[in-house]
Amino acid sequence: MHIPDGFIPLWQAVIYYIIALIVGFYSIRWARTSLDERKVPLLAVLAAGIFAIQAMNIPIPWGTSGHMVGAALVAIIIGSPFAGFLVLTTVLIIQALFFGDGGVTALGINIFNMAIISSWVGFYGFKWLKPVINEVPAVFVAAWASLFLAAIACAIELSLAGTFPLTLGLYFMGLYHAVIGVVGEGLITTIAFLAIKGVRPDLIYREEVGSHG
Amino acid sequence: MHVGISQIESESGKKSIIHSLDGRIKLIITLCIIIYAVYTTKIPVLWVMELYLLVLILVSKVSFSYALKRVLLILPFGGFIALFQPFIRPGVVLYTLPLDITITYEGTIFGILLLSRLIVCLTAVVLLSSVTPIQEIVNSGRRMGFPRELALILSLTIRYLFMFYDELERIRNAQKTRCFDIWNKKTSYMWRLRQIAYTIVMLFLRSYEQGEKVYFSMLSRGYSGESDMYQEKKKISFNDYLFIVLTLILILSIELIRHFYFI
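Every value quoted in this text rests on a predicted model; they were computed, and no experiment measured them.

Procedures and definitions
Along each chain, residues carry numbers from 1 onward, in the same order as the chain's sequence is written. All chains are assigned letters beginning at A, and all ligands numbers beginning at 1, according to the order in which they are written. At least 70 in pLDDT is required for a residue's local features to be given in this predicted model, at least 80 for side-chain atom pairs to be given and counted, and no such filter applies to totals for whole chains, interfaces and linings, which use all residues. To obtain the side-chain values, all non-hydrogen atoms of the structure were used and water was disregarded. The contact definition used throughout considers only heavy atoms, calling two residues in contact when any of these lie within 4.5 Å. Buried area: the accessible surface (1.4 Å probe) lost by two parts on joining, summed over both. The salt bridge definition used is simple: a Lys or Arg side-chain nitrogen within 4 Å of an Asp or Glu carboxyl oxygen. Secondary structure follows DSSP: runs of H or I at least 4 residues long count as helices, runs of E at least 2 residues long count as strands, and numbering of each begins at the N terminus. For this classification, the nonpolar set comprises Ala, Val, Leu, Ile, Met, Phe, Trp, Tyr, Cys and Pro, the charged set comprises Asp, Glu, Lys and Arg, and every other residue, Gly included, is treated as polar. Segment limits for the domains were obtained from an automatic or database-derived domain assignment. In protein, a polar contact requires one atom able to donate a hydrogen and another able to accept it; more generally it is a pair of N or O atoms within 3.5 Å, and residues adjacent in sequence count only if both atoms are side-chain atoms. In plain terms, two cysteine sulfur atoms within 2.5 Å form what is called a disulfide here. Exposure classes here rest on a 1.4 Å probe applied to the protein chains alone. A residue is buried below 20% of its type maximum, exposed above 50%, and partly exposed in between. To estimate the expected span of a helix, subtract one from its residue number and multiply by 1.5 Å. Fitting a line to C-alpha atoms yields each axis, with helices limited to the stretch in contact; the angle taken between N-to-C directions then spans 0 to 180 degrees. Reported orientations rely on four angle classes, namely roughly parallel under 35 degrees, roughly antiparallel over 145, roughly perpendicular from 65 to 115, and oblique for the rest. By convention, the crossing between two helices is left-handed when the near helix turns anticlockwise from the far helix through less than a right angle, and right-handed when the turn is clockwise.

**Regarding the interface of chain A and chain B**
Note: interface size is frequently given as the accessible area lost on complex formation between the parts. Each side of the interface is counted separately: chain A has 75 residues, and chain B has 73 residues. Buried surface at the junction of chain A and chain B, summed over both partners, amounts to about 6,500 Å²; 82% is from carbon and sulfur atoms. The interface formed by chain A and chain B contains two salt bridges. Across the pair B:Glu209 and A:Arg200 runs a salt bridge whose closest N-O atoms are separated by 2.5 Å. Going through the elements one at a time, helix H1 (10-33), helix H2 (40-54), strand E1 (58-59), helix H3 (71-78), helix H4 (81-99) and helix H7 (166-199) of chain A are the ones with two or more residues in the side of chain A that touches chain B. Counting residues per element, the side of chain A that touches chain B draws most heavily on H2(A), at 13 residues. For the side of chain A that touches chain B, the residue count by class is 53 nonpolar, 14 polar and eight charged.

Encoded structure:
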């Protein structure tokens with residue numbers, strides 16, 4: 001889903017950069033004030049872990065493979081979409097500047113899709129669904145939606161840029177990620193969530209207490 | 001990512017005129033080249049730029065096959081969209097294939113444009129990361145005014161990136177010695193998925209716990225929200241100026257020639 005350079009006109013790329021900068025400003029402020037004792041270094045090291053996690057191939061039936069984005073997992077565990085944003089943005093900057101995975105001018109748009117949309121959908125999807133359909137299904141649906149909606153956004157943006165027609169884009173990107181998302185993001189995040197709950201339940205953010213633990 | 005992450009670092013440790021340039025200069029030039037490549041809509045312009053980048057790769061003694069391999073490996077997603085253009089863009093029909101599939105002139109040109117742009121931008125990034133250690137780029141970014149927090153996060157992430165790649169490799173090797181294969185159909189699919197999820201959990205927990213440790217040890221050494229990274233002062237040398245001026249002259253003259261001859 002990493003959009004490369006040259007697929008988005010410069011003026012549109014600037015708009016996404018501005019959105020990313022505004023959210024970036026607020027998330028740094030969040031890290032300074034709400035994250036207990038300015039745990040910025042923790043998020044930085046976690047980003048390195050997410051980077052390695054994204055490199056793992058996950059087998060999808062019919063012979064393809066996908067990989068995890070991880071925004072929903074981070075946002076749900078740490079208990080804030082800002083955490084998902086900071087971690088994913090770090091990963092995306094490094095991927096763009098050093099690995100060519102996603103463009104440099106397209107960095108803003110990739111942050112918009114995979115750091116902003118994924119984290120917010122993942123976190124609020126989980127938060128709102130939890131009372132309705134229970135915790136574990138909520139993790140699954142939120143994680144799936146976080147990938148699926150990011151892919152839909154990606155298709156819409158490519159059509160706005162005049163690079164790929166909307167219907168075809170929605171069909172390819174939407175269908176592909178709807179399927180990949182069930183396994184790659186939904187199932188894996190759910191299993192991971194349950195496993196973390198089993199081993200380190202103290203890490204998972206609980207609203208009733210208001211902080212970790 | 002698919003070319004070993006440590007190989008990128010070993011290429012950037014070589015010595016050449018390009019390697020010895022200041023990180024800021026290399027970062028600025030890469031950005032200029034990429035922005036100009038995205039801006040231009042003329043295919044020959046992009047080919048001249050690609051030629052320039054190839055010359056730089058040659059001068060920098062970066063292994064050619066290595067650079068080529070890296071560009072080719074990142075190409076698929078964008079390449080797929082570019083290859084689709086001849087079939088989906090309306091315009092003058094060149095060929096009609098069975099099932100009413102048409103290949104248009106405009107689509108073909110646009111597809112080649114996208115692909116050329118993509119190759120120029122990827123070559124630029126591959127060149128940058130092959131001649132500059134990752135940490136050096138972040139330090140240069142900080143000197144050019146990246147926000148303090150961002151520079152701190154990036155440099156910490158980079159420091160642990162290699163560690164977690166090794167960690168992942170160790171876990172994979174351990175699984176391999178026990179004959180684990182994610183494609184092995186003889187084991188249940190859900191079981192295989194669970195193993196992968198557990199690997200992900202291990203990486204997540206280890207990085208979380210490492211992060212806590214790092215944070216506490218930084219805290220005990222006086223880290224606060226206002227801490228800044230130490231920056232070695234570096235002067236921009238004559239070579240640096242020469243290189244940036246040459247590149248800018250090249251871009252400007254390409255743009256002027258294009259303006260007067262192609263319009």
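After that view, the rundown keeps rolling.
**Quick look at the domain arrangement of chain B**
All names here are of chain B. Domain boundaries assigned for chain B yield domain 1 (5-141 + 234-262) and domain 2 (147-220). Inter-centroid distance (C-alpha atoms) of domain 1 to domain 2 is 32 Å. Between domain 1 and domain 2, the buried area comes to about 610 Å², and carbon and sulfur atoms account for 85% of it. On inspection of domain 1 and its partner domain 2, the count reaches zero salt bridges. At the surface where domain 1 touches domain 2, the tally comes to zero residue pairs in polar contact (both at pLDDT 80 or more). With three residues, the top contributor of residues to the side of domain 1 that touches domain 2 is helix H7 (residues 134-143). Looking at the side of domain 1 that touches domain 2 residue by residue, the class counts come to three nonpolar, one polar and one charged.

**Brief notes about the state of the cysteines**
All names here are of chain B. Per the stated rule, a full pass over the model turns up zero disulfides over all chains. Cysteine cysteine 121 is unpaired, with the sulfur of cysteine 32 as its nearest cysteine sulfur at 13 Å. Overall, the relative accessible area of 2% leaves cysteine 121 in the buried class.

**A closer look at helix H9 (residues 189-220) of chain B**
Relative to the 46 Å expected for 32 residues at 1.5 Å per residue, H9(B) spans 46 Å between its end C-alpha atoms, a close match to the ideal helical length. Within two residues after H9(B), B:Gly222 carries a phi angle of roughly 95 degrees, on the positive side.

**Concerning the packing of helix H5 (residues 76-88) of chain B against helix H6 (residues 105-131) of chain B**
Residue and element names in this part refer to chain B. Packing of H5 against H6 brings their axes to within 6 Å, and their N-to-C directions diverge by 165 degrees. With respect to H6, the element H5 is oriented roughly antiparallel. Two packed elements cross with a definite hand, and for H5 against H6 that hand is left-handed. Where H5 abuts H6, its residues Gly78, Gly79, Ala82, Gln85 and Pro86 lie against Gly107, Thr108, Phe110, Gly111, Leu114, Leu115 and Leu118. For the contact of H5 with H6, the residue count by class is six nonpolar, six polar and no charged.

**Examining the pattern of salt bridges**
A complete count under the given rule lists eight salt bridges over all chains for this structure. For the salt bridge of A:Arg200 with B:Glu212, the shortest nitrogen-to-oxygen distance reads 4.0 Å. Of this pair, A:Arg200 sits in the segment after H7 while B:Glu212 sits in helix H9, placing the two residues on different chains. In this structure A:Arg200 comes out as buried when scored by relative accessible area, which is 18%. Assessed through its relative accessible area of 19%, B:Glu212 is described here as buried. Each member of the salt-bridge network shares a partner with another, and the members are A:Arg200, A:Asp202, B:Glu209 and B:Glu212.

**A word on the environment of B:Arg172**
Along the chain, B:Arg172 turns up in helix H8 (residues 148-177). Assessed through its relative accessible area of 29%, B:Arg172 is described here as partly exposed. In this structure, B:Arg172 is in contact with A:Ala55, A:Met56 and A:Asn57, ignoring residues within four places of it in sequence.

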